[in-house]
Amino acid sequence: MRFRLLANAVMHHPRFIDELDSISIEWMAKSAPLHDIGKVGIPDAILHKPARLTPEEFSIMKNHPTYGRNIILEVEKMLGGESLFLRYAREIAYGHQEKWDGSGYPLGAKGEEIPVSARLMALADVYDALRSRRVYKPPFSHEMAMNIIVEGRGKHFDPDLVDAFQVCADRFAQIAEEYADPNDEDINDMACSANH
């Protein structure tokens, strides 16, 4: 939902008009849930570690975009060709950990070298991760998540996507609340009660 929302917000922007239309956005949004499919190749001990990863563990985790791309390439081979769904799934799986300034992985791609589909996923995925509870952190508020994304403008994220995100940020927050994990709400309620 957030992916589609962000894509629709920039589809008429001059930088994106040639790559985004209602059909491409629909296929991108349908393939977006496969962005972390490569994590099937990461050991459970790393995926479910109840603490931050060591540098060695993180270096193993950084293989998941390549694993994801390879899985989707195999599916394309089995089906005998490319489809829009699989093309976008491959782009997103392989590129969603890249950063606008080139400091991401697996390629260190930067700027326009990163497919639009992957740039959209990067922002939507980070927002979702920030708003979700993890074993090593509580869920962040919408305001905190928004500040982190805005701080990443031109570094982690495509600047124009961050600008569009700011315009539709309230809807991002509504979607997060609609689909919130009930356990996260309990934690937030307890925190609020403790502070009053």
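The structure we're discussing is the one just above.
These remarks concern the structure in this document.

1. Concerning the packing of aromatic side chains
Line of reasoning, step 1. Under the criterion given, the structure shown has 5 aromatic pairs.
Line of reasoning, step 2. Measuring from ring centre to ring centre gives 6.4 Å for Trp27 and Phe85, while their planes differ by 70°; the resulting arrangement is edge-to-face. Note that Trp27 is positioned in helix H2 (residues 22-31) and Phe85 in helix H6 (residues 84-95), a separation of 58 residues in sequence.
Line of reasoning, step 3. For Phe85, a relative accessible area of 26% translates into the label partly exposed.
Line of reasoning, step 4. Taking the centre distance of 4.9 Å and the plane angle of 90° together, the rings of Phe165 and Phe172 count as edge-to-face. In this structure, Phe165 and Phe172 share a single accessibility class: buried.
Line of reasoning, step 5. Clustering of aromatic rings is evident, with ring pairs tying together Tyr127, Phe165 and Phe172.
Line of reasoning, step 6. It is Lys30 that lies over the ring of Trp27; its NZ or CZ is 5.1 Å from the centre.

Rules of the game
Residues numbered from 1 in each chain as written. Predicted model: local features only at pLDDT ≥ 70, side-chain atom pairs only at ≥ 80, totals over all residues. Heavy atoms only, no water. Phe/Tyr/Trp six-rings, centres within 6.5 Å; stacked < 30°, edge-to-face > 60°. Helix = DSSP H or I, 4+ residues; strand = E, 2+ residues; numbered from the N terminus. Buried < 20%, exposed > 50% of the residue type's maximum accessible area, 1.4 Å probe, protein only. Lys NZ or Arg CZ within 6 Å of the ring centre and 35° of its normal.

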